[in-house]
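These are the residues of each chain, in order.
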Amino acid sequence: MGRLVVVSNRVPVPDKKGTAPAGGLAVALQSALEARGGLWLGWSGQSCGEDAIGPLKTLKDGNIDYALTDLTEKDVEEYYHGFANRVLWPICHYRLDLAEYGRREMAGYFRVNRFFASRLLPLIEEDDLIWIHDYHLIPLAAELRRQGVKNRIGFFLHIPWPAPDVFLTMPVHEELLTSLTAYDVIGFQTVHDRENFADCLARQGLSRRLGESRFSVGERTFTAKPYPIGIETEAFAALARRAGETTLHRRMLQSLDGKSLIIGVDRLDYSKGLTQRIDAFETFLTRHPDNQRQVTLLQITPKSRSEVPEYEAMQRAVAEQAGRVNGALGTVDWVPIRYVNRSLRRPALAGLYRMAKLALVTPLRDGMNLVAKEYIAAQNEEDPGVLLLSRFAGAAAELKEAVLVNPYDVEGTADAMARSLAMPVEERRERWKGLMATLRKNDVFVWCDGFLTDLAGATLPRIRAAS
Ligand SMILES: O=P(O)(O)OC[C@H]1O[C@H](O[C@H]2O[C@H](CO)[C@@H](O)[C@H](O)[C@H]2O)[C@H](O)[C@@H](O)[C@@H]1O
Ligand SMILES: O=c1ccn([C@@H]2O[C@H](COP(=O)(O)OP(=O)(O)O)[C@@H](O)[C@H]2O)c(=O)[nH]1
């Protein structure tokens, strides 16, 4: 196999090590790329004036060569905050009500994709396998093809692909669908996402389906297939086992003072169902009052995309809601919800997951949700906690032994919390064993190998991180 070239908007910039990664894409890709090695091109996270874009910043960290580009303030506004996060994100998460179409933002999105192509072009070598990630960069392969690139190019969508009636509301849907057919392999998180995509192609008469995963447009054929993303299961489990020795762990245990810990970890995003979750937690405490003063919900919620108005409004709404519940139900020596807006590093998270009797992963829609997988990997097999998981997270397609809930059903979710906390240890062990077997079978390396094998059109040597 030739060199692997990965392109994504978000890159965990190595000279900012020590800061927690900014979401699941960065976490998963870093694990996969560290093991295999390659070049990673993406946005530096910096913006500048129109004339100030300099050359790519290149740096090497372990096995990975990074090439980072700044974007102009206008680019960030139109492409990232605008079209990617105010059109594609809400549409793909079934929030038509939040989509804000604007021609300026759409033009900015296609312009920045052309710009990414121009930055990538001089770096491409003949045998490179090019792997492009996520909704920010859908038209990138079509741009590269226009400029003569013949390499194999793959695309992985980390977020859901919605049903045709939702996707086709987007003014540029035809252009986006057509540009996807320039890829050799298109990866989705679940079968459901792939089928929604296939239904969109069929509805528009854009391609012929040749088989379960094969499609053709004119002379070209491409693969569209589910590749559910995973975590570094064994490494994360080891991280959690070691966490018991840290000061944070001791301080946390002390502050719990015998109460059971319930945990939620989510970027502050409307797709994560935070307001419904807090409602459900309040309902749980009022419908099952014997749990009052016996449990504490630790909700870790780093701020995300704060420049986008819908996210800014949410920051206030969730903080007020948590404050209201604490005011209504808290006592002088018990705070029901500890609401934290800072981002924690993964060793700290691993320890908190292991301490928690229950994890609330209740998004209204989510591509996968790696937190659900990390929580399971972090458990003590003798006394594992329970994962309460939304049926609308991609992870629910794999994690069948979780307690599955409908996050829109506040009372149902509240009752599931009570059932989960009262679950006998035998049942918890049984469920955990099944979940952990899935995570071991389908870790991040299997995800990466599976996709790249299809992209290369040949079996690749299996890659594992050194343990
Ligand atoms: O880069 P940001 O705008 O700060 O957002 C963070 C990432 O959020 C999304 O993550 C998704 O990828 C995860 C891994 O596949 C998946 O588990 C999760 O369900 C998705 O929401 C987004 O797709 C990434 O591009 C962002 O970097
Ligand atoms: O304070 C935090 C919160 C989250 N994460 C990590 O961010 C990722 C979130 O990924 P997920 O797929 O759950 O959701 P996303 O944010 O990508 O939508 C997980 O690996 C978390 O461990 C982290 O490192 N620190």
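Residues numbered from 1 in each chain as written. Chains lettered and ligands numbered in written order. Predicted model: local features only at pLDDT ≥ 70, side-chain atom pairs only at ≥ 80, totals over all residues.

Enquirer: I'd like a description of the site of ligand 1, backed by residues and values.
Expert: The environment of ligand 1 is made up of 18 residues, and the closest members are G23, G24, H158, G367 and M368. Here the shell around ligand 1 gets four residues from one element, more than from any other, and that element is helix 1 (residues 24-36). Across the shell around ligand 1, the residue classes tally to eight nonpolar, six polar and four charged. Mapping the shell around ligand 1 onto the domain boundaries places at least three of its residues in each of domain 1 (4-227) and domain 2 (233-441). (Near = placed C-beta within 6 Å. Helix = DSSP H or I, 4+ residues; strand = E, 2+ residues; numbered from the N terminus. Nonpolar A, V, L, I, M, F, W, Y, C, P; charged D, E, K, R; others polar. Domains from an automatic or database assignment.)

Enquirer: Any chance you could break down the site of ligand 2 for me, citing the residues and the numbers?
Expert: In the vicinity of ligand 2, 19 residues are found, and the nearest of them are G23, G24, V27, S343 and L370. When residues of the shell around ligand 2 are traced back to their parent elements, those giving at least two are helix 1, helix 12 (346-355) and helix 13 (370-377). Taken domain by domain, the shell around ligand 2 gets at least three of its residues from each of domain 1 (4-227) and domain 2 (233-441).

Enquirer: Tell me about helix 16 (residues 444-456), and please be specific about residues and values.
Expert: With 13 residues, helix 16 extends 18 Å between its outermost C-alpha atoms, agreeing within 8% with the 18 Å of an ideal straight helix rising 1.5 Å per residue. Where helix 16 is concerned, the buried positions are V444, W447, C448, D449, F451, L452 and L455. Buried residues along helix 16 sit against helix 1, strand 5 (129-133), strand 6 (153-156) and strand 7 (185-188). At the C-terminal side of helix 16, G457 shows a positive phi close to 75°. (Expected span 1.5 Å × (residues − 1). Buried ≥ 20, exposed ≤ 12 C-beta atoms within 10 Å, placed from the backbone. Contact = placed C-beta atoms within 7 Å.)

Enquirer: Run through the environment of R346, naming residues and quoting values.
Expert: Here R346 lies in helix 12. Classification of R346 as partly exposed rests on a count of 16 C-beta atoms within 10 Å. In sequence terms R346 and A240 are 106 residues apart; their C-alpha atoms lie 9.3 Å from each other.

Enquirer: Could you give an account of the nonpolar core, naming the residues involved and the relevant values?
Expert: Y353, A359, L387, L388 and L389 are the most contacted members of the largest nonpolar core, which has 141 residues in total. The element that contributes the greatest number of residues to this core is helix 2 (residues 73-92), accounting for ten residues. Among the domains, domain 1 (4-227) and domain 2 (233-441) are the pair contributing at least three residues each to this core. If near-sequence neighbours (up to four positions away) are discounted, L388 is found in contact with L358, A359, L360, V361, T362, V403, V405, A416, M417 and S420. (Core = buried A, V, L, I, M, F, W, Y, C linked by C-beta atoms within 7 Å.)

Enquirer: Go over the pairing of strand 6, please, and point to the residues and values.
Expert: Within a regular beta strand, the side chains point alternately toward one face of the sheet and then the other, so they alternate between its two faces. Where burial is concerned, the two faces of strand 6 agree: the one with I153 and F155 and the one with G154 and F156 are both buried. Taken together, the four bridges between strand 5 and strand 6 define a ladder with parallel strand orientation. Within the sheet, the bridge partner assigned to W131 lies in strand 6 and is G154. Read from strand 5 through helix 4 (residues 140-146) to strand 6, the crossover connection turns out right-handed. By the bridge criterion, three bridges tie strand 6 to strand 7 in an arrangement that is parallel. Bridge assignment links G154 to a residue of strand 7, and that residue is V185. (Pairing = 2+ DSSP bridges. Right-handed = clockwise from strand over helix to strand, strands pointing away.)

Enquirer: Pulling in residues and values, what's your account of the domain arrangement of the protein chain?
Expert: One can read the domain layout of the protein chain as domain 1 (4-227) and domain 2 (233-441). A separation of 30 Å is found between the C-alpha centroids of domain 1 and domain 2. Looking at side-chain class alone, the side of domain 1 that touches domain 2 contains seven nonpolar, nine polar and two charged residues.

Enquirer: Got a sec to walk through the confidence of the model for the protein chain? Specific residues and values, please.
Expert: Mean pLDDT over the protein chain stands at 94; residues scoring 70 or higher make up 96%. For this predicted complex, the interface score ipTM comes out at 0.99, while the overall pTM is 0.97. (pLDDT = per-residue confidence, 0-100.)

Enquirer: Please provide a residue-by-residue account of the sheet that holds strand 9 (residues 214-217), values included.
Expert: Reading across from one edge, 3-4-2-1-5-6-7-10-9-8 is the order of the ten strands in this open sheet, with mixed pairing throughout. Among the strands making up the open sheet, the edge pair consists of strand 3 (57-61) and strand 8 (208-209). Sheet topology note: the strand 9/strand 10 (residues 220-226) ladder contains four bridges and is antiparallel. Looking at the pairing, F215 lines up with F222 of strand 10. Along the sheet, helix 7 (residues 191-204) makes contact with strand 7, strand 8, strand 9 and strand 10, crossing strand 10 at roughly 145°. (Axes fitted to C-alpha atoms, helices over the stretch in contact; angles between N-to-C directions.)

Enquirer: Break down unusual backbone geometry for me, citing the residues and quoting the values.
Expert: Not every positive phi belongs to a glycine, and D134 is a case in point at roughly 80°. Tracing the backbone shows D134 in the loop between strand 5 and helix 4. Backbone geometry at R305 places phi at a positive 45°, although glycine is not the residue there. By secondary structure assignment, the location of R305 is in the loop between strand 12 (295-300) and helix 11 (309-329).

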